[in-house]
Amino acid sequence: MPDPTQTPVRARFLGTTVEFHCAHARDADHLRYYLSDHLVPEHTCRSAELGVRLEADGDGCLTAALGTATAKRVWWRTPGGAWRLYEEWGVRARLPSPVPPFGLPPLRDRVRLRHGAALAAPDGGSRALAVTGASGTGKSVVVAHLLRRGWRFVSDDLLVLDRRTGGRLYYYGRPVGVRARSLPLLPWLDAALLSGAPCVPTRWGGTWMVRPQRLGRCAPSDRPYRLSWRLDLARGDRFTARADGPVTHVTWDPHRHLAPLLETCGRLTEGGPCAG
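Numbering of residues begins from 1 in every chain and follows the order in which that chain's sequence is written. Reporting in this predicted model follows two pLDDT cut-offs: at least 70 for local features of residues, and 80 or more for side-chain atom pairs to be given and counted; totals over whole chains, interfaces and linings ignore these cut-offs and use all residues. Derived side-chain values reflect all non-hydrogen atoms in the structure, with water molecules and hydrogen atoms excluded from consideration.

Engineer: Explain the sheet that holds strand E14 (residues 205-210) to me, please; I cannot follow it from the model alone.
Structural biologist: Adjacent strands of a sheet pair through backbone hydrogen bonds, lying either parallel or antiparallel. Strand order in the open sheet formed by three strands is E12-E14-E13, with antiparallel pairing between adjacent strands. The outermost strands of the open sheet, each flanked by one partner alone, are strand E12 (176-179) and strand E13 (199-202). Going across the sheet, the axis of each strand differs from the next one's by a mean of 35 degrees, ignoring polarity. Two strands pair under a simple rule: DSSP has to find at least two bridges between them. Strands here mean DSSP runs of E at least two residues long; helices mean DSSP runs of H or I at least four residues long; both are numbered from the N terminus. Pairing between E13 and E14: four bridges, direction antiparallel. The residue of E14 that forms the bridge with Thr202 is Gly205. Angular values range over 0 to 180 degrees, each being the angle between N-to-C directions of two axes fitted as lines to C-alpha atoms, with helices fitted over their stretch in contact.

Engineer: Help me understand the packing of aromatic side chains in this model?
Structural biologist: The geometry of an aromatic ring pair is captured by two quantities: the separation of the ring centres and the angle between the planes. Two rings from Phe, Tyr or Trp (for Trp, the six-membered ring) form a pair when their centres are within 6.5 Å of each other. A pair whose planes differ by under 30 degrees is stacked, one over 60 is edge-to-face, and the rest are tilted. One pass over the full model with this rule turns up four aromatic pairs. Centroid distance Trp151 to Trp229: 6.1 Å. Interplanar angle 70 degrees. Geometry classified as edge-to-face. With a gap of 78 residues between them, Trp151 in the loop between helix H3 (139-148) and strand E9 (152-155) and Trp229 in strand E15 (residues 225-235) connect regions that are remote in the sequence. Summarising the burial analysis for this pair, Trp151 and Trp229 share the class buried. Ring pairing ties together the aromatic residues Phe13, Phe102 and Tyr172, which thus form one cluster. Lysine and arginine charges are scored as sitting over a ring when NZ or CZ, respectively, is within 6 Å of the ring centre and within 35 degrees of the ring normal. A cation over an aromatic ring shows up here: Arg110 above the ring of Tyr170, its NZ or CZ 5.9 Å from the ring centre. Sitting over the face of the ring of Tyr33, Arg211 holds its NZ or CZ atom 5.9 Å from the ring centroid. Relative accessibility under 20% of the residue-type maximum defines a buried residue, over 50% an exposed one, and the middle range a partly exposed one, all with a 1.4 Å probe and only protein chains included.

Engineer: Would you explain the sheet that holds strand E5 (residues 84-89) in this entry?
Structural biologist: Overall, mixed pairing links the five strands, which are arranged E1-E2-E3-E4-E5 in an open sheet. Here the strands that pair on one side only, and so sit at the sheet edges, are strand E1 (9-13) and E5. With strand direction ignored, the average angle separating the axes of adjacent strands in the sheet is 20 degrees. Should any heavy atoms of two residues lie within 4.5 Å, those residues are counted as being in contact. Contacts from helix H1 (residues 25-34) reach E1, strand E2 (16-22) and strand E3 (50-56) within the one sheet, and its direction differs from that of E2 by about 150 degrees.

Engineer: Help me understand the packing of H3 against helix H5 (residues 258-268) in this model?
Structural biologist: When two helices pack together, their arrangement is captured by the angle between the axes and the distance separating the axes. As a packed pair, H3 and H5 sit with axes 11 Å apart at the nearest point and diverge in direction by 65 degrees. The handedness of the crossing between H3 and H5 is right-handed. Facing H3, whose interface residues are Val141, Val142, His145 and Leu146, H5 presents Leu258, Leu261, Leu262 and Cys265. Each crossing gets its hand from how the near helix is turned against the far one by less than a right angle, where anticlockwise is left-handed and clockwise is right-handed.

Engineer: Just checking my understanding: could you explain the nonpolar core for this structure?
Structural biologist: Proteins that are soluble and globular tend to have nonpolar side chains buried together. In terms of nonpolar packing, the biggest core is built from 34 residues, with Leu129, Val142, Leu146, Leu231, Leu233 and Leu261 touching the most fellow members. Counting residues per element, the ones that place at least two in this core are strand E7 (117-120), strand E8 (127-133), H3, E12, E15, strand E17 (247-252) and H5. With six residues, the top contributor of residues to this core is H3. Non-local contacts of Val142, meaning those with residues more than four positions away in its chain, are made with Val131, Leu231, Leu233, Trp252, Leu261 and Cys265. One finds Cys22, Ala28, Leu50 and Tyr86 within the second-largest nonpolar core, a separate group that totals 30 residues. Throughout this description, the term nonpolar core refers to a set of buried Ala, Val, Leu, Ile, Met, Phe, Trp, Tyr and Cys residues connected via side-chain atoms within 4.5 Å.

Engineer: What should I look at first to understand the side chain of Arg10 in this one?
Structural biologist: Relative to the elements of secondary structure, Arg10 occurs in strand E1. For Arg10, a relative accessible area of 8% corresponds to the buried category. Side-chain atoms alone can form a polar contact between residues adjacent in sequence; in general such a contact is a pair of N or O atoms within 3.5 Å, and within protein one must be able to donate a hydrogen while the other accepts it. Among the polar contacts listed, one links the side chain of Arg10 to the side chain of Glu19, at a separation of 2.6 Å.

Here it is, written out as structure tokens:
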């Protein structure tokens, strides 16, 4: 059970206030870093529309138990309701992470999720680019380089789409995952920029969770963005870029084809295809 002496971590997503209850101080600290763009003052009087509880066997620290066989549990409730078990798992969870809680009510009625990253165009308007592809195809490398070129961060690893229209994206300010093996592709990402960023073990090796503000500008979080282009990535030995309406399918090797990939992205804002 959560430690009653721990102050809940409060965050707001699309106008919904969520209260996270943690059994261990390390989990609370992790959430405050991970969700720093969405935190609300702990003393705010606004009631939470959703509660999420994190716990694990042993000392209760879910963060330390990730990737191990230690039993981990996530619970949720709406105001006045009883706690309901969201999932209990050992080594690998089956359900989407409830951090962020877009898969829980009332947020799940507003949005649908897709694996990918998103950036707003450098012109300061509402047009946005989604970067999709399987894990390991270089999405976060593309995000980091485009941020250096004036694009503005909207989300990494998760596209938050309006459930009604599908053509609008919402800001989700989680850190950008930078894998150790990608560092040679980001020579400007030095120790100073990585300082303080937690490095977590993944199946791809160590991954630094870097706040997007260290890499470039963030788009305003209080408005939706129009999904105007999509860059769909796949790994391959030869560089190809094929446009199919608003979607550009790219085959590339990040270590060999970074320059033509960035040129392809630059052409999108020069009258390239638009999704509406």
